[in-house]
Amino acid sequence: MSSIRRTLLVWLLAGLAVIALAASAATYVAARREIGSLLDLQLKQLAYSTRIDDLLRGQRAGFDNPDVLPGTGITELVTQIWDRDGVLVYWTQPGMGLPVPVREGYSTVNRNGRVWRVYTMVHGSHALQIAQPQDERDALATQTALRTLIPFAALMPIFGVLIWLGVGTGLRPLESLSRAVGKRRPDAMAPIDETGLPGELRPLGASLNGLLARLSDALSAQRRFTADAAHELRTPLAALTLQLDLARRSGTPGELVASLADLEAGVARASHVVEQLMTLARVEPEALALQKSRCDLVAIAKDAIVARASLAERKKIDLGLARAEVASVDGDPTALAILLSNLVDNALRYTPPGGRIDVSVSCPDGVPVLEVADTGPGIPAAERERVFDRFYRGAHADEPGSGLGLSIVKRIADAHGATIALGAPASGSGLVVRVRFGR
């Protein structure tokens, strides 16, 4: 299982190790260069401090020059003196055979399988050569460089512990947030306290609170739907039971036919209620997932009118499209069709025979407007706000219905960012429902 703490520790230690290695390499190169320069300087100082005449007299007297350079760790030092004729007149290691010097200064030569660093100084008629083995110089430089790297290696475990503790401290708010969420009951939808959360966790806290709010709304909608369904279906089911009992007790064929007709009407009403409840569940703002596309309101209006033309003809109601301006909105065409269908169905239910229903589509000032006007009894101004509540039916509503039609319309309009206004036509009685898309 992946771990943020382990991942951070590995990456931080890896980065620290890379930095330490880069610093060590730079330190090593610099140390070798500095040690080399220091040893070159010592060779030069030794050459200038050497008295060639004393060495020549000491050689003739049988004395040897020391072959160790004190204080440097160099255990081997070669000294040779040449005269102007190229004759070797003094040496500390017989058979060493450093080449005859051709110029004064530093040089590097290879003798007897070893590399030597040589400094040549010309003094009068003689040339002095002092040489050090390059391998000993490199070993000294390496030891010096490694001694500078020991603190890095010694401190690496301490850095690891500090990083581990630091990462743990930094992740403590996340662990606290996780424990707070884990201890919640399934029905606890209160927002998480974001006080004290670090900046990195505030977006997570806000997202969790947004999710809890949406879950609370969804659960509330589910509870409302369950309660509404139980409340609304209780009456028609009880009526169906009563009508079925009456049909069983019918004594004559005429009574049986009448009872069965009542039973059929009751089944139709119950089916209508179930259909409306299912539609309401689909168009809840919490459940409605809009598949947005460009919707032609004129085409939707024509389809709704054609689908109800036969019913309007049977009721002798003039149903038609009074105005058809080009207008389109971004939304769910199925939901918009349900919205208009419910408005037209309500108008057909309450408009008396010989009445008129006009559906209009307009676009004043570039704002799409959908309007349904009828010549029915209308809705009193005092009740126009409440008719959008679930199951509300006005005091003068004589036609059968579930009281869900306008509630469905309101929720679809809200989901599309539209507003609904109810009013009376200027010509007389009736109702005008105006849906304006764009607040």
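Anything mentioned here points back to the structure above.
In what follows, the accompanying structure is described. (Residues numbered from 1 in each chain as written. Predicted model: local features only at pLDDT ≥ 70, side-chain atom pairs only at ≥ 80, totals over all residues. Heavy atoms only, no water.)

### Some points on the pairing of strand 4 (residues 114–123)
The side chains of a regular strand alternate between the sheet's two faces.
Point 1. Here strand 3 (residues 105–111) runs beside strand 4; their pairing, made up of 7 bridges, is antiparallel. Within the sheet, the bridge partner assigned to Asn-110 lies in strand 4 and is Val-115.
Point 2. Hairpin connection from strand 3 to strand 4: 2 residues lie between these consecutive antiparallel strands, with Asn-112 at a positive phi of about 55 degrees.
Point 3. Where strand 4 lies against strand 5 (residues 126–133), 8 bridges are found, and the strand directions are antiparallel. If you follow His-123 over to strand 5, its bridge partner there is His-126.
Point 4. Hairpin connection of strand 4 to strand 5: 2 residues between the antiparallel strands, including Gly-124 at a positive phi of 65 degrees. (Pairing = 2+ DSSP bridges. Helix = DSSP H or I, 4+ residues; strand = E, 2+ residues; numbered from the N terminus.)

### What to know about the packing of helix 6 (residues 297–307) against helix 8 (residues 333–350)
Point 1. Where helix 6 meets helix 8, the closest approach of the two axes is 10 Å, and the angle between their N-to-C directions is 50 degrees. The angle between the axes of helix 6 and helix 8 places the two elements in the oblique class. At the point where helix 6 passes helix 8, the crossing takes the right-handed sense. Between helix 6 and helix 8, the contacting residues are Leu-297, Ile-300, Ala-301 and Ala-304 on the first element and Pro-333, Leu-336, Ala-337 and Leu-340 on the second.
Point 2. In the contact of helix 6 with helix 8, the residues fall into 8 nonpolar, no polar and no charged. (Axes fitted to C-alpha atoms, helices over the stretch in contact; angles between N-to-C directions. Parallel < 35°, antiparallel > 145°, perpendicular 65-115°, else oblique. Left-handed = near helix turned anticlockwise from the far one by under 90°. Contact = heavy atoms within 4.5 Å. Nonpolar A, V, L, I, M, F, W, Y, C, P; charged D, E, K, R; others polar.)

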